[in-house]
Amino acid sequence: LHLAMLNPENYGIVTDTAYPWHYFNTPAFEDLILYQCHLASFCGRNDGMGRPNRSATFADVVHKLDYIKDLGFNAIALLPVQEFWLDRSWGYNPSVYFSIESAYGEPEELRRFVDECHVRGLAVIFDVVYNHISNRDSSFWHFDDEDTSSYLTYGNTPWGLSPAFGEQGIKDFFLANMAMYFDE
């Protein structure tokens, strides 16, 4: 990964993944009642949090989990939280697949957010973007030192080129990313 070629604000740092998780029993799929949430815009404006000009963080939303639970939901489905271009986005333009959006907080804050959801009986579902590569500021454009064209199909979606899922390395990359969300 050539960090110098990315936006200097968007990069990944390997952190300690140890966390003292509380036990959680995920509801059966057919019993899930989802609350879909765009984390950045969920709170902070007109709700007394006093931060109308910046994105909400994982720590901010922790304070709203009882509200979500009291509405009758048992799962929160987050729009993508992977690092993306700049600090405001719906998240469907990931820059660094193995990093969380820095405007939302640190990895430890995401762990605490998930754990606090679980303590309240809320499952957490992560929306991810694997069907296209962001046209701007994507670490995927610098996957290795070689020409990246072999990692992308020549089919273009409205949002960017598609990964070449016929390549074993590409499959392995995205499978490892999926596993990170389950293992971590």
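For every chain, the first residue of the written sequence is number 1, and numbering continues from 1 along that sequence. Totals for whole chains, interfaces and linings use all residues, but because this is a predicted model, local features are given only for residues with pLDDT of at least 70 and pairs of side-chain atoms are given and counted only at 80 or more. Hydrogens and water are ignored here; the side-chain numbers use all heavy atoms of the structure.

**Structural notes on a nonpolar patch on the surface**
Step number 1: Think of a patch as exposed residues, more than 30% relative accessible area, with no salt bridge, where like charges cluster within 9 Å and nonpolar side chains (Val, Leu, Ile, Met, Phe, Trp, Tyr) cluster within 5 Å. Accessible surface is estimated by sampling points in the Shrake-Rupley manner with a 1.4 Å probe; for residues, cover comes only from the protein chains shown. Any carboxyl oxygen of Asp or Glu that lies within 4 Å of a side-chain nitrogen of Lys or Arg is treated as forming a salt bridge with it. On the surface, Leu175, Met178 and Phe182 cluster together into a nonpolar patch covering about 350 Å² of accessible area.
Step number 2: Here Leu175 is to be found in helix α5 (residues 168-183). Helix and strand assignments come from DSSP, with helices taken as H or I runs of at least 4 residues and strands as E runs of at least 2, each series counted from the N terminus.

**Brief notes about the sheet that holds strand β2 (residues 75-78)**
Step number 1: Any two strands with at least two DSSP bridges between them are considered paired. Strands sit in the order β1-β2-β5 across an open sheet of three strands; the sheet is parallel. Edge positions in the open sheet fall to β1 (34-37) and β5 (123-126), since each of these has one partner strand only. Strand after strand, the sheet turns through a mean of 25° between neighbouring axes, direction not considered.
Step number 2: Those strands touched by helix α4 (residues 107-119) are β2 and β5, and its axis lies near 135° from that of β5. Whenever a helix is involved, its axis is fitted only over the stretch in contact; in every case the axis is a line through C-alpha atoms, and angles between N-to-C directions fall within 0 to 180 degrees. The contact criterion used throughout is that any non-hydrogen atoms of two residues lie within 4.5 Å.

**Comments concerning the packing of aromatic side chains**
Step number 1: Any two rings among Phe, Tyr and Trp, with Trp reduced to its six-membered ring, count as a pair given centres within 6.5 Å; such a pair is stacked if its planes are under 30 degrees apart, edge-to-face if over 60, and tilted if neither. If you walk through the whole model with that rule in mind, you get 13 aromatic pairs.
Step number 2: Where Tyr35 meets Phe73, the ring centres are 5.0 Å apart and the plane angle is 80°; that geometry is what we call edge-to-face. Of this pair, Tyr35 sits in strand β1 while Phe73 is found in the loop between α3 (65-70) and β2, placing the two residues 38 residues apart along the sequence. Judged on exposure class, the residue Tyr35 and its partner Phe73 are both buried.
Step number 3: Where Phe58 meets Phe113, the ring centres are 5.8 Å apart and the plane angle is 50°; that geometry is what we call tilted. Remark: Phe113 occurs in helix α4 and Phe58 occurs in helix α2 (residues 58-62); sequence separation between them is 55 residues.
Step number 4: Only protein chains enter the accessibility calculation, which uses a 1.4 Å probe; a residue is then buried when its area is under 20% of its type maximum, exposed when over 50%, and partly exposed in between. The class of Phe58 is buried, set by a relative accessible area of 0%.
Step number 5: Taken together, the aromatic side chains of Tyr97, Phe98, Tyr130, Phe165, Phe173 and Phe174 make up a single cluster linked through ring pairs.
Step number 6: Note that Lys64 overlies the ring of Tyr67, its terminal NZ or CZ placed 6.0 Å from the centroid. In this scheme, the term charge over a ring applies when either NZ of a lysine or CZ of an arginine sits within 6 Å of the ring centre and within 35 degrees of the ring normal.

**Focus on the pattern of salt bridges**
Step number 1: By the definition in use, this model includes four salt bridges.
Step number 2: Here Arg120 makes a salt bridge to Asp66, at a shortest N to O gap of 2.8 Å. Highlighted residues: Arg120 in the loop between α4 and β5 and Asp66 in helix α3, separated in sequence by 54 residues.
Step number 3: One salt bridge in this structure joins Glu116 and Arg120, with 2.7 Å as the shortest N-O distance.
Step number 4: By relative accessible area, which is 21% here, Arg120 ends up partly exposed.

**As for the environment of Ile68**
Step number 1: With respect to the helices and strands, Ile68 occurs in helix α3.
Step number 2: Ile68 gets classed as buried once you look at its relative accessible area, which sits at 0%.
Step number 3: Sequence separation of Ile68 and Leu34 is 34 residues, and the distance between their C-alpha atoms is 9.9 Å.
Step number 4: Those residues in contact with Ile68, other than ones at most four positions away along the chain, are Tyr35, Phe42, Phe73, Ile76 and Leu122.

**As for the confidence of the model for the protein chain**
Step number 1: Model confidence for the protein chain is summarised by a mean pLDDT of 80, while 73% of its residues fall at 70 or above.
Step number 2: Every residue gets a pLDDT, meaning the predictor's confidence in that residue, from 0 to 100. Segment residues 1-6: pLDDT under 50, and 13 contacts once partners within four positions in sequence are set aside and those in other chains are kept.

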